[in-house]
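# Secondary and tertiary structure notes
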Amino acid sequence: MSSEEFEKLHEIYKSLFEELKLLPEKALRSQGEERKRLVRTFDERKGEAEEVLQGMDEELRSAPSAFRNMMSTKLRMYNRDLGKLQRDMKTSDSGSSSQAGVGSHPGIYSYENQQSTQVQSQRALLLQGTDSLTNASQSIERTLRIAAETDQVGTDIIEELGGQREQLDRARNKLVDTGENLSKSRKILRALSRRLMTNKLLLGVIIIMELAILAAAVYLKFFR
């Protein structure tokens, strides 16, 4: 929705309505061609106002729900106001023929009707404002509840990530310990390997010495 377009249409409607609401009184006090001209002007302006309201309604279809509900109520009130002005115009049309016999009373009655219409419009605006405040309060409560739930979910996620971090730290420490143990094992294996080779060499030397001693004993015993 284009808020600028909606506000522009709203201003156009208010201007048309301000002009329209003066025409029934003028028509009531006019006669002949002047009254016919006022009736034609009223019909033209009313058609323009209805087109503007239709454009506002189309703009509201893509508006946020809270704003759309508030302005939809206002649009219904605007349509009722146009209908009331239409009835006032018809009343002034039928009452203009008896204006001479009645004197100044129709103007007084029309003024009273306008006052009553204004009171009703103000009451409707108050009711609309109350509904809007109620809807806004409910929307704020829902927003706060969602924010609290989101905060709780975030806290749970942070706690879970903290637990996973501790597990990773423990696993890393175990890997470090395992690496150190493997290093120690490799050192031990290398020491054992060197000791085994040394033992094999000593064993070979001992065997060679024993064979030499045995050969010398045989030689001394049988050949001398």
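Computed from a prediction, not measured in an experiment: that's the story for all the values here.

## Some points on the overall build of the protein chain
Looking only at helices and strands, one finds six helices and zero strands in the protein chain. The order of helices and strands in the protein chain, counted from the N terminus, is α-α-α-α-α-α. Put simply, the protein chain has 224 residues, and 22% of those count as buried. Here the contacts in the protein chain between residues at least 6 apart in sequence split such that 82% fall between residues at least 24 apart. In the form shown here, the protein chain has an accessible surface area of approximately 16800 Å², with 58% of it arising from carbon and sulfur atoms.

## Here's the deal with the packing of aromatic side chains
With the rule as written, the count across this model stands at two aromatic pairs. With a centroid separation of 5.9 Å and 25° between ring planes, the pair formed by Tyr 13 and Phe 17 is classed as stacked. With Tyr 13 and Phe 17 both in helix α1 (residues 3-20) and four residues apart, the pair spans about one turn of that helix. For the pair Tyr 13 and Phe 17, one class covers both residues: buried. Put simply, the rings of Tyr 13, Phe 17 and Tyr 78 touch in pairs and so form one group of aromatic residues.

## Looking at a nonpolar patch on the surface
A cluster of nonpolar residues, Leu 214, Val 218, Tyr 219, Leu 220, Phe 222 and Phe 223, forms a patch on the protein surface that exposes about 680 Å² of accessible area. Among the structural elements, Tyr 219 can be located in helix α6 (residues 105-222). Tyr 219 gets classed as partly exposed once you look at its relative accessible area, which sits at 48%.

## Focus on the environment of Ala 27
Mapped onto the fold, Ala 27 is located in helix α2 (residues 23-28). With 61 residues separating them along the chain, Ala 27 and Asp 88 place their C-alpha atoms 9.9 Å apart.

## A look at the pattern of salt bridges
Taken as a whole and assessed by the stated rule, the structure comprises eleven salt bridges. Between Lys 21 and Glu 18 there is a salt bridge, and its shortest N-O distance comes to 3.2 Å. The exposure class of Lys 21 is partly exposed, given its relative accessible area of 28%. Among the residues examined, Glu 18 registers a relative accessible area of 41% and is labelled partly exposed. Residue Arg 172 pairs with Asp 169 through a salt bridge whose shortest N-O separation is 3.7 Å.

## A few points about the confidence of the model for the protein chain
Across the protein chain, pLDDT averages 80, with 85% of residues at or above 70. Predicted confidence for residues 98-109 stays below pLDDT 50, and this span has eight contacts to residues more than four positions away or in other chains.

## Comments concerning a positive patch on the surface
Judged by side-chain charge, Lys 184, Arg 186, Lys 187, Arg 190 and Arg 194 come together as a positively charged surface patch. Checked against the element boundaries, Arg 186 lands in helix α6.

Definitions and limits used
- Residues numbered from 1 in each chain as written.
- Predicted model: local features only at pLDDT ≥ 70, side-chain atom pairs only at ≥ 80, totals over all residues.
- Heavy atoms only, no water.
- Helix = DSSP H or I, 4+ residues; strand = E, 2+ residues; numbered from the N terminus.
- Buried < 20%, exposed > 50% of the residue type's maximum accessible area, 1.4 Å probe, protein only.
- Contact = heavy atoms within 4.5 Å.
- Areas by Shrake-Rupley, 256 points an atom, 1.4 Å probe, with all protein chains shown as cover.
- Phe/Tyr/Trp six-rings, centres within 6.5 Å; stacked < 30°, edge-to-face > 60°.
- Patch = residues over 30% accessible without salt bridge, like charges linked within 9 Å, V, L, I, M, F, W, Y side chains within 5 Å.
- Salt bridge = Lys/Arg side-chain N within 4 Å of Asp/Glu carboxyl O.
- pLDDT = per-residue confidence, 0-100.
- Lys, Arg positive; Asp, Glu negative; His and termini not counted.
- Charge placed at Lys NZ, Arg CZ, Asp CG, Glu CD.

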